[in-house]
Amino acid sequence: IHRRGRPTRDDDELPLTPTPSLNPSPNPNPNQESGGGDALAVPAASSFAYVDTPDFRYDGWLAHNEPRGAIGRAEGDVLVIGGGVSGTAAAYELSRAGCRVTLVEAEPALGGRCASRRFKDEPPRSPNLVELGAMRFTESLFVMSYYLDRFGCVELGPSLGSGLGAPLILTLTRRHVRGGIGALPLFPDPGVVVTWLCDADGVVRWDGQDAPQGFETVYYGWHALATNGIRRSDGAQAFMAPMDLRRLLQRSASGDGGALAAATAAWQAYITAFQGRSFYGVLHELFTGAGPYEIPGGQPWAFDDFDKFGTIGVGSGGFGALYSVGFLEIYRLIINGLEEDQRILRPGVRILPEELVARAGLAALVKNTQVTRIHGSLQEGFRVEYEGEPTDALTDVTFDRIVFAATTRAMEITTNLTSDAALLDARVATAVRRVHVASSAKVAIRIRKFWEDGDDTPRVLLCDNVVRQIYTLDYGAQDGTAVAFITYVWDEDATKQQGLGASSENYGVDKVKLYQNLYAKLLTYAERSPELAAWIAHIVPYTRGSANPGDFADSILYVEWQSQPHFNGAFKLSYPGQDRYVQTMFFDYLKADPDSPAADTGVYIAGDCIAYTSGWVDGALQTGLNAAAAVLTSTGTLYGDAHGQSPMTINKVRGGHNTAAQA
């Protein structure tokens, strides 16, 4: 739940204290004080391990060692397949440890779903960009924050301040500075900025100061679940509150062994009870009083409340597309702090994989090349077949190890990875094939900035038709232009939008036709409110240099990841019971441990689709670091932190999904 708070002082560019979206008090307090401070001060979130790997902080390990290990044998030739953020992180760390790394990327550019794009006719120095992949970043993305700070590639402004109960503050700091994610401006999430809520019951202009009219039941109910956890009908605590569990993880990061044990036990209790349950199923049990639990917030939800929560939601759009996924898939995001104080990154998240490669010292970088088949084994080495321009970097070259960093769909569809037991264990291959990967679509347009800095013009719209959500983003362009996502949807809604934009010529999606049809759907709300009608009139593409105002194709960017070659899906969203698959994939790298009962194949998978926190940059980074750790363990020496910990020491049973819980 995102809410607006007090702004920083006029002389502040950045908040020192983030505005919590999940206030720990019994009732939301939107007027809670936020701090101010030095313009370039970096708000330091208390780093902690994520709930599924509670005994290991990746950023703490990174901060302790440089490099992370050393090659001790001749087997130092490594092929990294995939130039997204997980593959580039693995390539960076392995190169700096002494490996000879060849990185091959199927696309013309690095980044994968760190997909910062520019409109075709955007001036070269314009700051406007479109994040077609990852676009929201929180302070609890600790690994991402580590690299951004290390490379000094955070660019500031414009800033929304620490909250928007009063005027927006526009600040432009165009130089690159050192700073982690806490130094970034806030993302204009619903309730962080003034927001339109449109459904069958009418139109609500929500200022974020309290529960929106008509949404009180779901607003306070969801808040109570997040803050108080689940209580039995007699009032006793049945399952620890997410915020309390996070505090235990923070205490554990400071060396409190008792806190680690308590956090592990608390999360294991959730796993045992809910790992086979859908998000909707658990919410229905809790909020209708059908189970042995106290109703969070005290007010039962009727069918219409579930419909409101599903179609519009409160905070980051509707949850309806996520109702069928596993309850734990959503709940762990709250515990890990990934759904609050979200921020935007200038000059685009693609800078992270690009910086990783630029600083890596690779043996070779090959783009526009798709690896189609892997031959060989750990004992004899690996060779690959590929589609692309012939290159000496791949032809007749034998590699000692392979890191395959891609979506699970790409692993299954584009190569023989999941059909050759010499490359990937059968259990892991099954998990790769079966875990659910979501569809996703985004349509972005360049618009004229129609709000004044400091006013209360709505910046976001959530609605109950196929448009779903609109966000307006200000990157500080001096020509008065800005960016609007006219839609961002998942799964069923993404499929609907493919139909809305389907071209009769090639059955692909015509982005202009899709925009026009989405805008027509948006206009159905205009007659309900003159103010809303005027607002909708601004959500139109702004063209540059065209004599025909209707020629706005260059002012639209569109992606639907499920049809993109080399991706075939957006990110993993596990169905109920599929956490076992995620555990199997995430911890496959531990086969490199000499004491592991699993046979080391020399091929290690990575990518956010095998992470517990898929869809978030740190999920991808963690898996890339895991794969790099496996290579160094099997070919040389992996260094631990001050306590001897590394990715190879993570206790995957203590991480949650033990055999007893799965039975």
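Everything below is about the structure shown above.
Right, let's walk through the structure included here. (Residues numbered from 1 in each chain as written. Predicted model: local features only at pLDDT ≥ 70, side-chain atom pairs only at ≥ 80, totals over all residues. Heavy atoms only, no water.)

**Observations concerning the overall build of the protein**
Alright, step 1. When you go through the protein residue by residue, the secondary structure sums to 18 helices and 24 strands.
Alright, step 2. Contacts in the protein between residues at least 24 apart in sequence constitute 74% of all its contacts with a sequence separation of at least 6.
Alright, step 3. With an accessible surface of roughly 23,300 Å², the protein has 48% of that area assigned to carbon and sulfur atoms. (Helix = DSSP H or I, 4+ residues; strand = E, 2+ residues; numbered from the N terminus. Contact = heavy atoms within 4.5 Å. Areas by Shrake-Rupley, 256 points an atom, 1.4 Å probe, with all protein chains shown as cover.)

**A short note on the sheet that holds strand S23 (residues 603–606)**
Working definition: the strands of a sheet are paired by backbone hydrogen bonds and lie parallel or antiparallel to each other.
Alright, step 1. As summarised here, the arrangement of the five strands in space is S12-S3-S2-S15-S23, forming an open sheet in which the pairing is parallel. Edge positions in the open sheet fall to strand S12 (364–366) and S23, since each of these has one partner strand only. Across the sheet, the axes of successive neighbouring strands diverge by a mean angle of 15°, strand direction being ignored.
Alright, step 2. Where strand S15 (residues 401–405) meets S23, four bridges bridge the pair, whose relative direction is parallel. The residue bridging Val-403 from the neighbouring strand is Tyr-604, located in S23.
Alright, step 3. In this fold helix H17 (residues 617–635) packs onto strand S2 (77–81), S15 and S23, with an angle of close to 165° to the strand it touches most, S23. (Pairing = 2+ DSSP bridges. Axes fitted to C-alpha atoms, helices over the stretch in contact; angles between N-to-C directions.)

**Thoughts on the nonpolar core**
Alright, step 1. Counting residues in each nonpolar core, the largest one holds 170 residues, and the members touching the most others are Met-144, Tyr-147 and Tyr-270.
Alright, step 2. Broken down by element, this core gets its largest block of residues, ten residues, from H17.
Alright, step 3. The contacts of Met-144, once residues within four sequence positions are left out, are Phe-137, Ile-181, Leu-345, Val-349, Leu-352, Val-617, Asp-618 and Leu-621.
Alright, step 4. With 34 residues, the next largest nonpolar core counts Trp-451, Leu-514, Tyr-525 and Trp-535 among its residues. (Core = buried A, V, L, I, M, F, W, Y, C linked by side-chain atoms within 4.5 Å. Buried < 20%, exposed > 50% of the residue type's maximum accessible area, 1.4 Å probe, protein only.)

**Focus on helix H12 (residues 426–434)**
Alright, step 1. Inspection of H12 places Val-428, Ala-429, Thr-430, Ala-431 and Val-432 among the buried residues, and these make up the whole buried set.
Alright, step 2. Where H12 starts, the residue carrying a side-chain oxygen 2.9 Å from the main-chain nitrogen of Arg-427 turns out to be Asp-425. (Polar contact = N/O pair within 3.5 Å; in protein donor to acceptor, adjacent residues only side chain to side chain.)

**Here we look at the side chain of Glu-285**
Alright, step 1. Relative to the helices and strands, Glu-285 resides in helix H7 (residues 279–288).
Alright, step 2. Within the structure, the side chain of Glu-285 is placed 3.0 Å from the side chain of Arg-277, a separation counted as a polar contact.
Alright, step 3. Discounting residues that sit within four places of it in the chain, Glu-285 has contacts with Arg-277, Ala-290, Gly-291, Pro-292 and Tyr-293.

**A short note on unusual backbone geometry**
Alright, step 1. Cis geometry marks the peptide bond from Arg-346 to Pro-347, where omega comes out at 10°.
Alright, step 2. Checked against the element boundaries, Pro-347 lands in the loop between helix H9 (327–335) and helix H10 (351–358).
Alright, step 3. Look at Arg-468: it is not a glycine, yet its phi comes out positive at around 70°.
Alright, step 4. In this structure, Arg-468 sits in the loop between strand S18 (460–463) and strand S19 (469–473).
Alright, step 5. On the basis of relative accessible area, Arg-468 is assigned to the buried category, the value being 18%.
Alright, step 6. Positive phi is not limited to glycine here, since His-566 has a value of about 80°.
Alright, step 7. On the secondary structure map, His-566 appears in the loop between strand S21 (556–560) and strand S22 (571–572).

**Notes on the pairing of strand S3 (residues 100–104)**
Alright, step 1. With respect to burial, S3 is a largely interior element, four of its five residues being buried.
Alright, step 2. Relative to S3, S2 is paired through five bridges, and the arrangement is parallel. In the strand pairing of S3, Asp-77 is matched with Arg-100.
Alright, step 3. As for the winding sense of the linkage, the β-α-β connection from S2 through helix H2 (residues 85–96) to S3 is right-handed.
Alright, step 4. Bridging between S3 and S12 involves three bridges; their strand directions are parallel. Note that in S12 the partner of Leu-103 across the bridge is Leu-365. (Right-handed = clockwise from strand over helix to strand, strands pointing away.)

**Comments concerning the sheet that holds S21**
Alright, step 1. Across the sheet, seven strands lie side by side as S9-S8-S18-S19-S20-S17-S21; this open sheet has mixed pairing. Unpaired on one side and paired on the other, strand S9 (202–206) and S21 mark the two borders of the sheet. Adjacent strand axes in the sheet meet at a mean angle of 15°, parallel and antiparallel pairs treated alike.

**Here we look at the packing of H2 against H10**
Alright, step 1. Where H2 contacts H10, the two axes come as close as 8 Å, and the packing angle between them is 25°. Between H2 and H10, the angle falls in the class roughly parallel. Along this stretch, H2 crosses H10, giving a crossing that reads as left-handed. Contacts from Val-85, Thr-88, Ala-89 and Tyr-92 of H2 reach H10 at Leu-352, Pro-353, Leu-356 and Val-357. (Parallel < 35°, antiparallel > 145°, perpendicular 65-115°, else oblique. Left-handed = near helix turned anticlockwise from the far one by under 90°.)

**Side note on the side chain of Thr-408**
Alright, step 1. Take Thr-408: it is sitting in helix H11 (residues 408–414).
Alright, step 2. Ignoring anything within four residues of it in the chain, the contact list for Thr-408 reads Val-432, Val-435, Val-437, Met-585, Cys-609 and Ile-610.

**With respect to the packing of aromatic side chains**
Alright, step 1. For the structure shown, the criterion picks out 40 aromatic pairs.
Alright, step 2. Seen in terms of ring centroids, Tyr-92 and Tyr-147 are 6.1 Å apart; in terms of plane orientation they differ by 90°. Their pairing is edge-to-face. Taken as a pair, Tyr-92 in helix H2 and Tyr-147 in helix H3 (residues 142–151) lie far apart in primary sequence, 55 residues in all. Both residues of the pair, Tyr-92 and Tyr-147, belong to the buried class.
Alright, step 3. The interplanar angle of 65° and the centroid separation of 4.9 Å between the aromatic rings of Tyr-280 and Tyr-323 together place this pair among those described as edge-to-face. You can see Tyr-280 sitting in helix H7 and its partner Tyr-323 sitting in the loop between helix H8 (303–311) and H9, a full 43 residues away along the chain.
Alright, step 4. The partly exposed category is assigned to Tyr-280, whose relative accessible area is 28%. (Phe/Tyr/Trp six-rings, centres within 6.5 Å; stacked < 30°, edge-to-face > 60°.)

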